[in-house]
Amino acid sequence: ILFTAILLAAFLGKILGAFSGARSSGMEGRDSFTVGLGMNDRGTVELVLAMIGLELGVLTNNHVTILVMVVFLTTLTVPLLLKQRMHKLSSHLLGE
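Residues numbered from 1 in each chain as written. Predicted model: local features only at pLDDT ≥ 70, side-chain atom pairs only at ≥ 80, totals over all residues. Heavy atoms only, no water.

## Section: the overall build of the protein chain
Phase 1: Regarding its fold elements, the protein chain presents four helices and zero strands.
Phase 2: Going from the N terminus to the C terminus, the protein chain shows its helices and strands as α-α-α-α.
Phase 3: For the protein chain, whose C-alpha radius of gyration is 16 Å, the value lies well above the compact-globule estimate of 12 Å for 96 residues.
Phase 4: Once the C-alpha set of the protein chain is aligned to its principal axes, its extents read approximately 55 × 25 × 20 Å.
Phase 5: A burial count over the protein chain gives 24% of its 96 residues as buried. (Helix = DSSP H or I, 4+ residues; strand = E, 2+ residues; numbered from the N terminus. Rg over C-alpha atoms; globule rule 2.2 N^0.38 Å. Buried < 20%, exposed > 50% of the residue type's maximum accessible area, 1.4 Å probe, protein only.)

Here is the structure:
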């Protein structure tokens, strides 16, 4: 349950954060969602913070394992989802 909660929070949090920023800068909804999806593929910060948390004793090995798995899954799935999304956007832009 903890893994699923962290995975959903990480995935949705990144999408919503980048989506909101893109929308506030004037981008359309579809484009903003694509930006949000593309930003999901960044996991370096989470890994660095996890290791710092482990060294400080704030996180356990189990917590770090969960965070590494979340980074791995988002890194693995985002290119596939982004490819699908870009195909839909290109079809929309070309009027197909």
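## Re the environment of Glu55
Phase 1: With respect to the helices, strands and loops of the structure, Glu55 is situated in helix 3 (residues 44-56).
Phase 2: It is 19 Å that separates the C-alpha atoms of Glu55 and Met69, two residues lying 14 residues apart in sequence.

## Points about the side chain of Lys14
Phase 1: Relative to the elements of secondary structure, Lys14 occurs in helix 1 (residues 2-24).
Phase 2: When its relative accessible area of 9% is taken as the criterion, Lys14 is described as buried.
Phase 3: At 2.9 Å, the side chain of Lys14 and the side chain of Glu46 are in polar contact. (Polar contact = N/O pair within 3.5 Å; in protein donor to acceptor, adjacent residues only side chain to side chain.)

## Quick look at the side chain of Thr74
Phase 1: Within the element layout of this structure, Thr74 appears in helix 4 (residues 61-94).
Phase 2: Overall, the relative accessible area of 2% leaves Thr74 in the buried class.
Phase 3: Excluding residues that lie within four positions of it along the chain, Thr74 makes contacts with Leu7, Phe11, Asn40 and Asp41. (Contact = heavy atoms within 4.5 Å.)

## Looking at the packing of helix 1 against helix 2 (residues 29-38)
Phase 1: Between helix 1 and helix 2, the shortest axis-to-axis distance is 7 Å and the interhelical angle comes to 135 degrees. In terms of orientation, helix 1 and helix 2 fall into the oblique class. Along this stretch, helix 1 crosses helix 2, giving a crossing that reads as right-handed. Residues Phe11, Lys14, Ile15, Ala18, Phe19, Ala22 and Arg23 of helix 1 form the contact with helix 2, whose own contacting residues are Gly29, Ser32, Phe33, Val35, Gly36 and Leu37. (Axes fitted to C-alpha atoms, helices over the stretch in contact; angles between N-to-C directions. Parallel < 35°, antiparallel > 145°, perpendicular 65-115°, else oblique. Left-handed = near helix turned anticlockwise from the far one by under 90°.)

## Some details on the pattern of salt bridges
Phase 1: One pass over the full model with this rule turns up one salt bridge.
Phase 2: For the salt bridge of Glu46 with Lys14, the shortest nitrogen-to-oxygen distance reads 2.9 Å. In this pair, Glu46 sits in helix 3 while Lys14 sits in helix 1, placing the two residues 32 residues apart along the sequence.
Phase 3: With relative accessibility at 23%, the residue Glu46 sits in the partly exposed group. (Salt bridge = Lys/Arg side-chain N within 4 Å of Asp/Glu carboxyl O.)

## Focus on helix 1
Phase 1: Taking 1.5 Å per residue as the helical rise, helix 1 with its 23 residues ought to reach 33 Å, and the 32 Å between its terminal C-alpha atoms agrees with that figure.
Phase 2: Turning to helix 1, its buried residues are Ala10, Phe11, Lys14, Ile15, Ala18 and Ala22.
Phase 3: Phi turns positive, to about 105 degrees, at Gly26, one or two residues after helix 1. (Expected span 1.5 Å × (residues − 1).)

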